[in-house]
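One letter stands for each residue in the lines below.
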Amino acid sequence: MASVLASEMYHVVGSVATSQGCRLGQMVERCMSVMQSGTQMVKLKNGAKGLVRLFYLDEHRTCIRWRPSRKSEKAKIIIDSIYKVTEGRQSEIFHRHAEGNFDPSCCFTIYHGNHMESLDLITSNPEEARTWITGLKYLMAGISDEDSLVKRQRTHDHWVKQTFEEADKNGDGLLNIEEIHQLMHKLNVNLPRRKVRQMFQEADTDENQGTLTFEEFSVFYKMMSLRRDLYLLLLSYSDKKDHLTVEEFAQFLKVEQKMSNVTTEYCLDIMRKFEVSEENKNQNVLGIEGFTNFMRSPACDVFNALHSEVHQDMDQPLCNYFIASSHNTYLTGDQLLSQSKVEMYARVLQDGCRCLEVDCWDGPDGEPVVHHGYTLTSKILFKDVLEVINKNAFVKNEFPIILSIENHCSIQQQKKIAQYLKEIFSDKLDLTSVNAGDSKQLPSPQSLKGKILIKGKKLPYSLGADAEEGEVSDEDSADEIEDDCKLKFSYSNGTTEHQIESFIRKKLESLLKESQIRDKEDPDCFTVRALLKATHEGLNVNFKQNSDQKDTSKKSHGRLMSNFGKHKKAAKPRFKSHSTSDDEDPQQSCPAKEPSGQLCRLGRRRKTMKLCRDLSDLVVYTNSVAAQDIVDDGSVGNVLSFSETRAHQVVQQKAEQFMLYNQKQLTRIYPSAYRIDSSNFNPLPYWNVGCQLVALNYQSDGRVMQLNQAKFKMNGNCGYILKPQQMCKGTFSPCSADPLPAFPKKQLILKIISGQQLPKPPDSMLGDRGEIIDPFVEVEIIGLPVDCCKDQTRVVDDNGFNPVWEETLSFTIHMPEIALVRFLVWDHDPIGRDFVGQRTVAFSSLMPGYRHVYLDGLTEASIFVHITINEIFGKWSPLILNPSYTIMHFLGATKNKQLIGLRGLFNKNPKHNTMENSGLYVRKRSIGERILRRTASAPAKGRKKSKMGFQEATELKESVSEVTDLKDKDGVLRRTSRSLQARPISMPVEKYLLRGLPLPDQKATATMDDKKEKASVQI
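Residues numbered from 1 in each chain as written. Predicted model: local features only at pLDDT ≥ 70, side-chain atom pairs only at ≥ 80, totals over all residues. Heavy atoms only, no water.

This part is about the overall build of the protein chain. A count of helical and extended segments in the protein chain gives 31 helices and 38 strands. Out of the 1019 residues in the protein chain, the part that is buried amounts to 54%. Within the protein chain, contacts between residues separated by at least 24 positions form 69% of all contacts whose residues are at least 6 apart in sequence. (Helix = DSSP H or I, 4+ residues; strand = E, 2+ residues; numbered from the N terminus. Buried < 20%, exposed > 50% of the residue type's maximum accessible area, 1.4 Å probe, protein only. Contact = heavy atoms within 4.5 Å.)

If you want it as C-alpha cells, here you go:
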C-alpha cells in the first residue's frame, strides 16, 4: 500500500515525494503534524454562505473535528467512516455555485457515512488542500490494510481514551472520585461506593493523591473489567492455578473451541501476542489478563473468520446463487423527495451489492438522466452513473455485476445510452469469451468474472435482424408507481407550480417524520397509502383555505388531485396497462405544463414501448420478461420481475412451482410502490423459494438490511451466496411443518453467559444521565417458517457493565444453510422494552465453543456465549447436558452443583452455593481473590424487580413453568414460558433442558409439574 500511495502522492508544502522510503515517511508525518495543528477552512453548505471553521485531526488520528460548532463533541467525522476523498469541485454542492467562485485546487470533498454525506471544504491555498488530501488518503489506506486484531486493539484504546476525556469535565487531564462515580453511572456500573473508592486508591499511585491520570485510569479500568466468568473458565483447565501452561491451553482449544491441528508453536505464538506479563512470557504461560485479551480478540469472535473470504463453489449456474441486489440504487432517502447521488453506486458496491438499478429518462440537451420518475427526487446524468460504476465495479471482488436498466427513454436517447455503455464499460460487456458450458444453463459467477451483464428488454427474435427498432412489452417494467400513487395537479392563475411543489414537499416531509418507527426492531412500516391519502386531503384543505382568503367568490384556485376513491385492497392491487399510439411523444409522460394550464403528472402505464436495436443487443443472459410472456422452451436467460405484492401471492399459492422455475431462471423481487419512505419488506419468503435477486433499499438502515448483510457476509461479502442443494435440484414445501424429513436437522444450544459494557438505549431521553439499564438477551432464529422462533433470558437488574445470565436456550433448525441467528439486547422497562443493540450471524458462520458476540456499531459492547451444535435425526433431540458441566467438573463440584451451573459461583450472597462454602475453594490465590471478590463481575441479586407494574405482578403470581409456543404478531414462534420475571434467578436452567429433575424443595409439586410438562409442546 505504501508503494501505491507513493505513486499517487501530491506535492506537499513545496516538496515532492521522489522516493518511497524515508522521504515518504517524513512527508506523511509532516501532513499529520499540519492536520493535528489545525487548518482554517470554509465549510460549504447547500444554499447558504460558507462557514469558516478550524478543522483538525485528533491526537489519536481516528477522527476529524472542527470548532466552533453547536454539536460540541458530536462535531466529528471518524476516519473509519470515510469512503473517499475527491480533489477539486466535483461534488453536487460545489456544482451549485458559480464556476469562478472558488479555485478548484483549493477545494476538496470528504464523503462519509452510510448515506454518502459530503463535507465540502475550501482552503486558503492549494498546498493546504493537498496536505489534507494526502494525509486523509494515507489514514484511509492504513485502516483498510490493518488486520482485525490490530483494528480491535486500536478501537479499544481509542474508546478508553475517549471515555477518559469525556469524564474529565474540567479538562485538567485528571479524574477525581466524583468524576469516577459519574462515569460509573454512565457505563451502567452499579457498585458500592466503598468498592469503587478501594479500586480508586489502589490505582492512585503517584504523588498527586486524590486524582487519576490517564495511565492510572487505565489501571483502574483494567481492575474494574477483570472477568469472573473468564477466570473460572481458566481455573477449570489450569488445575486451579492462575495461569495456563502450553499443554493446558492446547487442551482448552481442542475440547472447548473445537480447533484441530493445534500445535505447540501455535499456542506459544498466541501467548506471545496476548500475554502482558513479561514474567509469564518467559515461563511460557498465559495469565488471566492474557487469557482475557485472547478471548476478546477476533480469534474468539462468534463469526467464522474463514467466511470473510470467498469459500463456496462459484462454478455453478448463476441461478443457483442468491445475489445481493439494490432497489433504486441512486436514492439517498425516501422515494419522493430525496436526493439522487452517483456516490450511492460506489457505496453499495463497496457493501457487496452486485445488482444495481438505473432508472433512465429523457434529459435536456439529449443527455439521459437518472431519477425516480414522477416524483420530486433530483436528477443525475446517466453518463456520470456509468463512470462511477466502472471505477468501483471490481474493487472489492471480480464477480459479475448485473445492471438493471429501467428504460423510459425515447429512441434517440436509448441510442445514447447504448453508446455510453459501450464506450465506458468496453470489454466488460464482451461475453464472447465466456464459457457457458451447457447451452441450456446460465454461466457461472466464476466464468463471468470482470463482466457486467445488462438486464433489460430484448427485441423479439421474430423481428428481422436489419430492423433498427421494434415494440416490446412494457408490462413487467419495474416502474413501481401505480395509478393510485400518481399525483396530477391543476392550478389556475392564482397558484403557481412552484407554490404547489413547495407545499407538497413540506407536507410530505412532515408526514415522513411523523411516520418514523421508534422501535428499530419493528419490521412493520407505516401504511404508505394512508400517508398519501393524508397528503391529498391536507393539500385540498390547505388550498381551499388559501383560495377562500384570496377570493371568496371562487371556491378554489388550485388543488392536488389523486384518484384515491377507487382503491382496491392493498394486498391485491390490480395492474392495468394501456397501449399508446406509435407516434406518442415519450416526453408527454414527464411533468410539464400543458397549454390548458394543467400540470400532467404521470399518464397511465403503457403496455408496449419502442426499443432500439443497439440497446437490445447488449442484453445477453438477463432478458427482462413479463410473466405472461414466459414460454417453457428450454431456453435460459430470462429475468422475471415481481413487486413484493405479486410475489407474495405466488409464494402463497404456488411455492413449489416457483422454486422449480428459480432452478433455471432468475427472478427479481422489488419493493411495493407504497413504500415511499424507502422501508424494506421481509425478504425471507422469497429467499425460501429460491428467488435470486431480492432488491432492497440499501439507504435504509434497520432489521431487514441487517439480515441482508448477515446473509451475504458468509461468503466473503462477495454478493453471491450458493443456494442449498435442495433448492437447486428437486423441490420441497418451504411452509411445511417438516419440509425435509429425509435430511438431518441441527440442534443449536446457546448458553448466554454474560454481557460486557452494554450502553444505555440509543433513544434514551436522558442520555448518559438515565438510569442504569436492566438488560436481557433475546435470540431469534430466522429461516424457513418452521425454524422461525424466539427465546430470551431473564432480566438482570441495574447492571449494564457486566450482567450475568447463565441461561441455556435450545433451538432445532431444519435448513441451517439459510438460517440466520439474531442476538438482541433489550433494556427492560415497566411499560415495554428499549432496544440496546444487535448482531445477526448466518448459522453456517457460527463458531462453536466460548465466543464473544460483539454488537454492531458499538465499540466495546458484547455478549459472552457458549455454542454447541448437534446433528439430529428424526423428531427427537438427544439429551445434551449444560456446557457448564465441564467447568464444574474440573472445579470438583458435586452433581447437584453441576445442574445448578455457574450461577451459584457468581452469586454475591455467601449463603448460596459458592465455592468458599463448599470447602473446595483454593485459599492460596491472591489474584483469584482479587477477581472474585473485588471486581464488578458479579450478577445482580435475585430480588423482585422494583419496576414491575401491576399487570406484570399479577402475571408473575399466575405463571407456570410449562412450555407453550404461540405465534407473535410477526408470525414468529415465541416461547412464552420464559416470562421476564416468572423464573427466579436461583432456579436452574437445566430444569427446562432436562425434564423431570426436580430440586429438593420442589418434590411436593413434582407430580403436578410432570403432568404439565407432558402437555407442553416440544420445540
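What follows covers the packing of helix α10 (residues 246-255) against helix α11 (residues 264-274). Between α10 and α11, the least distance of the axes is 10 Å, while the angle of their chain directions is 100°. Of the possible angle classes, the one that applies to α10 and α11 is roughly perpendicular. Here V246, F249, A250 and L253 of α10 lie close against α11, whose contacting residues are T264, Y266, C267, L268, I270 and M271. Per-class residue counts for the contact of α10 with α11 are nine nonpolar, one polar and no charged. (Axes fitted to C-alpha atoms, helices over the stretch in contact; angles between N-to-C directions. Parallel < 35°, antiparallel > 145°, perpendicular 65-115°, else oblique. Nonpolar A, V, L, I, M, F, W, Y, C, P; charged D, E, K, R; others polar.)

The next subject is unusual backbone geometry. Between R67 and P68 the backbone carries a cis peptide bond, its omega angle lying at 0°. Turning to its location among the elements, P68 is positioned in the loop between β3 (63-67) and β4 (76-78). Backbone geometry places D365, a non-glycine residue, at a positive phi of 60°. Of note, D365 is situated in the loop between β13 (355-361) and β14 (369-370). On the basis of relative accessibility, which here comes to 77%, the residue D365 falls in the exposed class.

Okay, the environment of E780 next. For E780, the position within the fold is in strand β30 (residues 775-782). Spatially, the C-alpha atoms of E780 and L820 are 8.2 Å apart, while their sequence positions differ by 40 residues. Of note is the side chain of E780, whose polar atom sits 2.9 Å from the side chain of R703. (Polar contact = N/O pair within 3.5 Å; in protein donor to acceptor, adjacent residues only side chain to side chain.)

What follows is about the nonpolar core. Within the largest apolar cluster, 83 residues are counted, with the highest numbers of intra-cluster contacts made by F382, L403 and L421. In terms of residues, this core owes the most to one element, helix α16 (residues 411-425), which gives seven residues. If near-sequence neighbours (up to four positions away) are discounted, F382 is found in contact with V358, C360, P368, V369, V370, I405, I417, Y420 and L421. Formed by 35 residues, the second largest nonpolar core is a distinct cluster that contains L750, V779, W826 and F843. (Core = buried A, V, L, I, M, F, W, Y, C linked by side-chain atoms within 4.5 Å.)

A low pLDDT score tells you not to read the predicted coordinates there in detail. Per-residue confidence for the protein chain gives a mean pLDDT of 75, with 67% of residues at or over 70. Counted against residues more than four places away or in other chains, residues 549-606, with its pLDDT under 50, gives 119 contacts. (pLDDT = per-residue confidence, 0-100.)

Residues D466, E468, E469 and E471 make up a contiguous surface patch of negative charge. By the element assignment, D466 lies in the loop between β17 (452-455) and β18 (469-473). (Patch = residues over 30% accessible without salt bridge, like charges linked within 9 Å, V, L, I, M, F, W, Y side chains within 5 Å. Areas by Shrake-Rupley, 256 points an atom, 1.4 Å probe, with all protein chains shown as cover. Salt bridge = Lys/Arg side-chain N within 4 Å of Asp/Glu carboxyl O. Lys, Arg positive; Asp, Glu negative; His and termini not counted. Charge placed at Lys NZ, Arg CZ, Asp CG, Glu CD.)

A full pass over the atoms with the stated rule returns 20 aromatic pairs. Measuring from centroid to centroid gives 5.6 Å for F55 and W66, while their planes differ by 40°, and the two rings are tilted. With a gap of 11 residues between them, F55 in strand β2 (residues 51-57) and W66 in strand β3 connect regions that are remote in the sequence. Residue classification places W66 among the buried residues on the basis of a relative accessible area of 10%. (Phe/Tyr/Trp six-rings, centres within 6.5 Å; stacked < 30°, edge-to-face > 60°.)

One open sheet accounts for seven strands, arranged β4-β3-β2-β1-β7-β6-β5; its pairing is antiparallel. Since the sheet does not close on itself, it has two edges, and those belong to β4 and β5 (82-87), each with one partner. Between one strand axis and the next, the sheet turns through 30° on average, direction left out of account. Of the pairings in the sheet, the one linking strand β1 (residues 39-44) to strand β7 (residues 117-122) comprises three bridges and is antiparallel in character. Of the residues in β7, the one forming a bridge with V42 is I122. (Pairing = 2+ DSSP bridges.)

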